[in-house]
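Understanding the architecture of this molecule
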2 protein chains.
Amino acid sequence: MTEPTPAASGSGEPNKEPSKNALKKAQKEKEKAEKKAAAKARELAERQKKDAADAEDVSKDVYGELPLCGSKDFKPTGTPREDLSKVDQVEDKEITFRCWVENARPQGAKLAFLNLRQGLNTVQAVVAASEKLSKQMVKFAQNISTESTLAVTGLVKRVKEPIKSATIKDFEIHITKLFVEVKAEVPLPLQVEDAERPLPSDEAGQDEKESDGRPLVGLNTRLNNRTIDLRAKINHAIFVIKSGVCSLFQEFLSQQGFTLIHTPKIQGAAGEGGANVFELKYFDRSAYLAQSPQFYKQMLIASRFQKVMEIGPVFRAENSNTARHLTEFTGLDLEMEFQENYHEVMGVLEDLMLFIFKELNNRYKKETDLVRSAYHVDEFKLPESGKVPRIPFQEGIKMLREAGEELGDFDDLSTPQEKHLGRLVLEKYNSDFYTLDQFPLAIRPAYTMPSPANPQLSNSYDMFMRGQEICSGAQRIHNADLLAEQMRKHDPPIDPNGAGTKDYVDSFRYGCPPHAGGGFGLERIVQFWLGLPNIRMTSLFPRDPQRVAP
Amino acid sequence: MTEPTPAASGSGEPNKEPSKNALKKAQKEKEKAEKKAAAKARELAERQKKDAADAEDVSKDVYGELPLCGSKDFKPTGTPREDLSKVDQVEDKEITFRCWVENARPQGAKLAFLNLRQGLNTVQAVVAASEKLSKQMVKFAQNISTESTLAVTGLVKRVKEPIKSATIKDFEIHITKLFVEVKAEVPLPLQVEDAERPLPSDEAGQDEKESDGRPLVGLNTRLNNRTIDLRAKINHAIFVIKSGVCSLFQEFLSQQGFTLIHTPKIQGAAGEGGANVFELKYFDRSAYLAQSPQFYKQMLIASRFQKVMEIGPVFRAENSNTARHLTEFTGLDLEMEFQENYHEVMGVLEDLMLFIFKELNNRYKKETDLVRSAYHVDEFKLPESGKVPRIPFQEGIKMLREAGEELGDFDDLSTPQEKHLGRLVLEKYNSDFYTLDQFPLAIRPAYTMPSPANPQLSNSYDMFMRGQEICSGAQRIHNADLLAEQMRKHDPPIDPNGAGTKDYVDSFRYGCPPHAGGGFGLERIVQFWLGLPNIRMTSLFPRDPQRVAP
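The residue numbering used here restarts from 1 in each chain and proceeds along that chain's sequence as written. Lettering for chains starts from A, numbering for ligands starts from 1, and both go in the order in which the items are written. Local features in this predicted model are restricted to residues of pLDDT 70 or higher, and side-chain atom pairs are both shown and tallied only at a pLDDT of 80 or more, whereas totals for entire chains, interfaces and linings draw on every residue. In computing side-chain values, all of the structure's heavy atoms are included and hydrogens and water are not.

1. Let's talk about the overall build of chain A
A helix here means a DSSP run of H or I that spans at least four residues, while a strand means a run of E at least two residues long, and both kinds are numbered starting from the N terminus. Broken down by element type, chain A carries 15 helices and 19 strands. Based on C-alpha atoms, the radius of gyration is set beside the globule rule, defined as 2.2 Å times the residue count to the power 0.38. Computed over C-alpha atoms, the radius of gyration of chain A comes to 33 Å, more than 25% over the 24 Å expected from 2.2 N^0.38 for 550 residues, which places it beyond the range of a compact globule. Viewed in the frame of its principal axes, chain A has a C-alpha envelope of about 110 × 75 × 45 Å. Buried means the residue's accessible area, taken with a 1.4 Å probe over protein chains only, is under 20% of the maximum for its type, while exposed means over 50%, and partly exposed covers the values in between. By residue count, 55% of the 550 residues in chain A fall in the buried class. Restricting the contact set of chain A to residue pairs at least 6 apart, pairs at least 24 apart contribute 67%. Taken as two groups, the 74 positive and 80 negative side-chain charges of chain A have centres that lie 8 Å from each other. In this description, contact between two residues means that some pair of their heavy atoms is separated by no more than 4.5 Å. We score Asp and Glu as negative and Lys and Arg as positive, and we do not count His or the chain ends. Taken as the charge location is NZ of Lys, CZ of Arg, CG of Asp or CD of Glu.

2. As for the interface of chain A and chain B
Counting residues at the interface gives 102 residues for chain A and 102 residues for chain B. Buried area is calculated as the accessible area (1.4 Å probe) missing from two parts once they are joined, with the contributions of both summed. Buried surface at the junction of chain A and chain B, summed over both partners, amounts to about 8600 Å²; 60% is from carbon and sulfur atoms. When the area that chain A buries against chain B is broken down by residue, the three leading residues are Arg304(A), Glu340(A) and Tyr510(A), summing to 10%. A pair is scored as a salt bridge if a Lys or Arg side-chain nitrogen falls within 4 Å of a carboxyl oxygen belonging to Asp or Glu. The interface formed by chain A and chain B includes 10 salt bridges. With a closest N to O distance of 3.3 Å, Arg81(A) and Glu340(B) form a salt bridge. Two N or O atoms form a polar contact when they lie within 3.5 Å of each other; inside protein one atom must be a possible hydrogen donor and the other a possible acceptor, and for residues adjacent in sequence the pair counts only when both atoms belong to side chains. On the surface where chain A and chain B come into contact, there are 51 residue pairs in polar contact (both at pLDDT 80 or more). It is helix 7 (residues 233–255) of chain A that contributes the most residues to the side of chain A that touches chain B, 7 residues altogether. Only Asp, Glu, Lys and Arg are considered charged in this grouping, and only Ala, Val, Leu, Ile, Met, Phe, Trp, Tyr, Cys and Pro are considered nonpolar; every other residue, Gly among them, is considered polar. Grouping the constituent residues of the side of chain A that touches chain B by class yields 48 nonpolar, 30 polar and 24 charged.

3. Observations regarding the domain arrangement of chain A
Either an automatic procedure or a domain database provided the assignment from which the domain bounds are taken. Segmentation of chain A into domains returns domain 1 (64–182), domain 2 (192–231) and domain 3 (234–538). The C-alpha centroid of domain 3 of chain A is placed 48 Å from the C-alpha centroid of domain 1 of chain A.

4. Some words on the relation of the copies chain A and chain B
Expressed as a screw operation, the relation of chain A to chain B combines 0.3 Å of axial shift with a rotation of 179 degrees, fitting to an RMSD of 0.8 Å. Taken together, the turn and the small shift mark the pair as related by a two-fold rotation axis. Judged by C-alpha distance, Leu280(A) is the residue of chain A that lies nearest the rotation axis, at 1.8 Å. C-alpha atoms of residues with pLDDT of at least 70 in both copies form the basis for the least-squares superposition of the copies.

5. Brief notes about the packing of aromatic side chains
When two rings of Phe, Tyr or Trp (its six-membered ring) have centres within 6.5 Å they constitute a pair, described as stacked for plane angles under 30 degrees, edge-to-face for angles over 60, and tilted for the intermediate range. Evaluation of the coordinates by the stated rule reveals 34 aromatic pairs over all chains. Residues Phe239(A) and Phe305(B) carry aromatic rings whose centres are separated by 6.5 Å and whose planes lie at 65 degrees to one another, so their mutual orientation is edge-to-face. Taken as a pair, Phe239(A) in helix 7 and Phe305(B) in the loop between helix 8 (294–302) and strand 13 (307–315) lie in two separate chains rather than in one. The residues Phe239(A) and Phe305(B) share a single accessibility class, namely buried. Between Phe357(B) and Phe380(B), the aromatic rings sit 4.8 Å apart at their centres with planes inclined by 40 degrees, giving tilted as the arrangement. With Phe357(B) in helix 9 (residues 343–363) and Phe380(B) in the loop between helix 10 (365–375) and strand 15 (390–392), the pair connects residues that are 23 residues apart, well separated along the chain. Classification of Phe357(B) by relative accessible area gives buried; the value is 0%. An aromatic cluster of three or more residues is present, and its members are Phe295(A), Tyr447(A), Tyr504(A) and Phe508(A). The criterion for a charge sitting over a ring is simple: Lys NZ or Arg CZ within 6 Å of the ring centre, and within 35 degrees of the ring normal. Over the ring of Trp529(A) we find Arg372(A), and its NZ or CZ is 4.6 Å from the ring centre.

6. A word on the sheet that holds strand 19 (residues 515–521) of chain B
All names here are of chain B. Any two strands are treated as partners once DSSP identifies two or more bridges connecting them. As summarised here, the arrangement of the 8 strands in space is 9-13-14-19-18-17-16-15, forming an open sheet in which the pairing is mixed. Only two strands of the sheet have a single partner each, and these edge strands are strand 9 (259–260) and strand 15. As defined by bridge partners, strand 13 adjoins strand 14 (residues 328–337) across 9 bridges and the pair is classed as antiparallel. By the bridge assignment, Met309 is partnered in strand 14 with Leu334. Running at roughly 165 degrees to strand 16 (residues 433–437), helix 9 makes contact with strand 14, strand 15, strand 16, strand 17 (460–465), strand 18 (468–476) and strand 19 of the sheet. Here the axes come from fitting lines to C-alpha atoms, over the contacting stretch only for helices, and the angles between their N-to-C directions go from 0 to 180 degrees.

7. Concerning the nonpolar core
Within this scheme, the nonpolar core is defined by two criteria: the residues are buried Ala, Val, Leu, Ile, Met, Phe, Trp, Tyr or Cys, and they are joined through side-chain atoms within 4.5 Å. One finds Phe520(A) and Phe520(B) to be the most contacted residues of the largest nonpolar core, which totals 183 residues. Residues in contact with Phe520(B), not counting those within four places in the same chain, are Phe249(B), Thr330(B), Gly331(B), Leu332(B), Leu349(B), Leu352(B), Met353(B), Met463(B), Ile470(B), Cys471(B) and Ile525(B). Counting 29 residues, the second-largest nonpolar core is a separate cluster that includes Cys99(A), Ala104(A), Val123(A) and Phe171(A).

8. Quick notes on helix 13 (residues 480–489) of chain B
Residue and element names in this part refer to chain B. The complete set of buried residues in helix 13 reads Ala480, Leu483, Ala484, Gln486 and Met487. An end-on view of helix 13 places all buried positions within 165 degrees of arc, on one side of the element. Exposed and oriented more than 90 degrees from the buried face of helix 13 are Arg488 and Lys489. In the core, the buried residues of helix 13 are packed alongside helix 14 (502–506). The directions considered for the arc are those from the helix axis to the C-beta atoms.

9. Examining the packing of helix 9 of chain B against helix 10 of chain B
All names here are of chain B. For the pair helix 9 and helix 10, interaxial distance at closest approach is 5 Å and the crossing angle is 90 degrees. Considering their axes alone, helix 9 and helix 10 lie roughly perpendicular with respect to each other. Residue-level contacts link Leu360, Asn361, Asn362 and Arg363 of helix 9 to Lys365, Glu367 and Thr368 of helix 10. Here the contact of helix 9 with helix 10 is built from residues that sort into 1 nonpolar, 3 polar and 3 charged. In this scheme, roughly parallel covers angles under 35 degrees and roughly antiparallel covers those over 145, while 65 to 115 is roughly perpendicular and the rest are oblique.

10. Things to note about the side chain of Glu367(B)
Residue and element names in this part refer to chain B. Considering the arrangement of structural elements, one finds Glu367 in helix 10. As a buried residue without a salt bridge, Glu367 has its nearest oppositely charged side chain in Lys366, at a separation of 5.4 Å. Once residues within four sequence positions are removed from consideration, Glu367 is found in contact with Leu120, Ala237, Val240 and Ile241.

11. A short note on the sheet that holds strand 16 (residues 433–437) of chain A
Residue and element names in this part refer to chain A. As summarised here, the arrangement of the 8 strands in space is 9-13-14-19-18-17-16-15, forming an open sheet in which the pairing is mixed. A strand with exactly one partner marks an edge of an open sheet, and here the two such strands are strand 9 (259–260) and strand 15 (390–392). Note that strand 9 and strand 13 (residues 307–315) share 2 bridges and pair parallel. Looking across to strand 13, one finds that Thr259 is bridged to Val308. On top of the sheet, helix 7 reaches strand 9, strand 13, strand 14 (328–337) and strand 19 (515–521); it is set at about 155 degrees to strand 13, its chief contact. Sheet strands in contact with helix 12 (residues 415–429) are strand 15, strand 16, strand 17 (460–465) and strand 18 (468–476), and its direction is about 115 degrees off that of strand 16.

12. With respect to the pairing of strand 12 (residues 285–289) of chain A
All names here are of chain A. Both strand 10 (residues 266–267) and strand 12 contribute to a ladder of 2 bridges, which runs antiparallel. Of the residues in strand 12, the one forming a bridge with Gln267 is Tyr288. Alignment of strand 11 (residues 279–282) against strand 12, held across 4 bridges, turns out to be antiparallel. For Tyr282, the partnering residue across the bridge sits in strand 12 and is Arg285. Between the end of strand 11 and the start of strand 12, which pair antiparallel, lie 2 residues, with Phe283 showing a positive phi angle near 55 degrees.

13. Remarks on helix 11 (residues 393–402) of chain B
Residue and element names in this part refer to chain B. Taken as a whole, helix 11 has its buried residues at Phe393, Gly396, Ile397, Met399 and Leu400. Along the axis of helix 11, the buried positions cluster into a sector of 160 degrees, meaning they face one direction only. Here the buried face of helix 11 lies against strand 15, helix 12 (415–429) and strand 16. In the stretch just after helix 11, Gly404 is the one whose phi turns positive, near 100 degrees.

Here it is in structure tokens:
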């Protein structure tokens, strides 16, 4: 609706005497127009004042807020942005870089200090008023909101005293240009500096506690605001390490001739027993999410792939609310044929893990130290001999009994017993990593090859880090008739002719070679390597029975 | 039930005259016993005969069927098994290797020819009767069932005429020891040699046809017997290439500083629109399978990860029964911040693909040639200049119109139009790979950044191989308010405060840098690189609306 002007209103209907209402209306409109004119005048005066101020502002072209990148108003500069990790190579030079603001603080009207971050690096920057640099620009710098993204230009200057609050200790930036690329809203739902600090010590994830007068933020608050939480350097380091474990897994196995496979996560029937499986609607029928690539990786060995590996999601509909269970995690799986003895495969698994540990120490030391320093965790001990302790299950039972635990020859170990055994092994072998071999047959899956030495045992193994399981594996039965028999005898029995099992069992009828393999939990490797109190910290957006968001 | 002996029957009830029936019965039992005794005698005679034969069999210790590996009766030999690809280094030497039988055929009573396979290699082997090698062993070799797994020892001998039927042409194996490790049942449900041959030419996957007198087996039969089908060399080659594309993707991006991420496949709400999403039961509520990692990879850019990549399953509940759609496929995703222009990211994507193509030609030439030879597909053409054709969408429309297609300025391209454009681009630029840039805004997702040049266009792009889409990408809106506005204006509208969208939209409130990215379909890259007629051939165990098994 267009607002009528006072003039139009006065001259619209010349032949009629204006009514009282019309007069009132006219009066109102007149007032409105006057107000409007006054506002315009004020605006003009302010603009002139501002223009005058700008005229005085010697820095007016070198600071401010940039229009949205990609919008019509945005003008590219073409200036290359530098990597802060190379700052020591450009002393006394001017560089431009993107970063974000950890905090900005004034020191009087003429000085602003900024803590700037880029990746895992932080640097101190100064905006100091001078003949060439205006007080207005200093004020602008002092008021930049935390977490805003900036384009900064400045001189790299060596400092006399190392800067404690930054990771770059020997240099600071004397800012010459300062643009806010993307402004962060205030307040933040979570402070990044709070996310840098460890969880409350009793944290299963729920409470928020006081310690040294500063609040320790609980896991749930952090996970509810995960995109802010993940900005913490400690979290970046965790996920750089996680990415690294994957690369190292693939690097080692590729060199050994493994083929990377992708097996279906949607399955027509729940093959491996049927419990703990998520059901989904698949067009006009039901389907299920894979609890592991077990059947498929073995079927590929039957298809003569010889050595296969997979990195992919694994789904467990288990209502476990512990610090080491997730309903969705990343499985590092491998399966390979062997010549005569499944210990050949155990050797590959052990060498693989030794390679990963060694290269984590070489290539990811900075990240490892950063995380461990927050949680004060001991270094991860590896056997000096390079030989991974390979302990028969029966021997493990004996060690535990001698240490006072009560358990039967063929009992599975409880989590506390596993941890206890981990301490005993560390004492005896000086290693945080070891293998238990020849588990009782009754506590393993139906496809596990029985032991030739003792029919109550099996050619199967688990691997442990700091006394907690990270891998389960075995020689698998590669003969269809024996497999079917073991499935029927299993507790609970499995139908070898079932919808989810027949194709699997039949794949061993046509000359499948002997094979063994294992499945690692990626998040557990990261958790125990770093000694983190909760596995949720190693999943970008963790899933558990209570949590499916964000 | 125990069978009564004749004696017991005759002396059981001494005080009674035997009845007629009893006499008949006794007579019958007597005959039975006599038959049994005769059978026993025959068995004994045969055994003695066999023992005598064995005594004569000079080879009796160097051939036979081995007990199940891992069982009590299995005795390891400790002999290392060799890799057949190194056979040219061991001329005139004796080697032992594992392999399987492609076929075994007699030539008289004194000669057996075996075609043996290991990985992608095949070799001819001979068992020839001599003073040192028995006719019995030759007979044994002649009768080994196809696809059985063997442990073979033999002399590596150079041949005068190249062997046409094997990949190893200059050498054959003169067998000295021959053990069946795992016997294959007969008949096979599918012949591996049939799986080596191309699909029927009209194959959308259903029919079985005759061609040159030999049956061409249809896709459904192959997929129903996938573990046999996958044994074909052509299928091994396809999946070695697929594994290679993944490695090359990671290798290139790792060197550029990308972090490998794993985002959740189970989501609490269907964020990206809601159609085509699989629903699952998640404890006492519903959840959904991720249609892409789109929201999460962007949220990680908001968490300052700068450059992220993901390789993982992608789920589409789309009832599309075409030769290029799957309900589960492998997404190769990446997302990165850029400095000033989303073309920086397009450059990374183009360089990535050029690297992959180049290294497929370098490292996977053998496998590529093997597959393409079966399907008679042209080499994949890349621009000689090394510069990928980057064609504005409006220019593409113009090219199509000049070639007779009728379509509006802002219409999406149909699949036939895409293919037509592919042919035009190939003609003009001599490249099977190119990019279309600046798509109409209306046909792209709500989070796409509008074009600064024309509000009806957008900063988005698709990439094509042989005229078919393999990648879709764009600059994303990194401002929460603009994103919410675009979501509301979208057709159909999306609620920016919905359960699946609020966390995503809010993550752009706190200084998220400008970013762009893209998602590739791994199976499509493999399909179009090799020129395969059906995408199902590039999935180990494909999933489509009709198929969830094996």
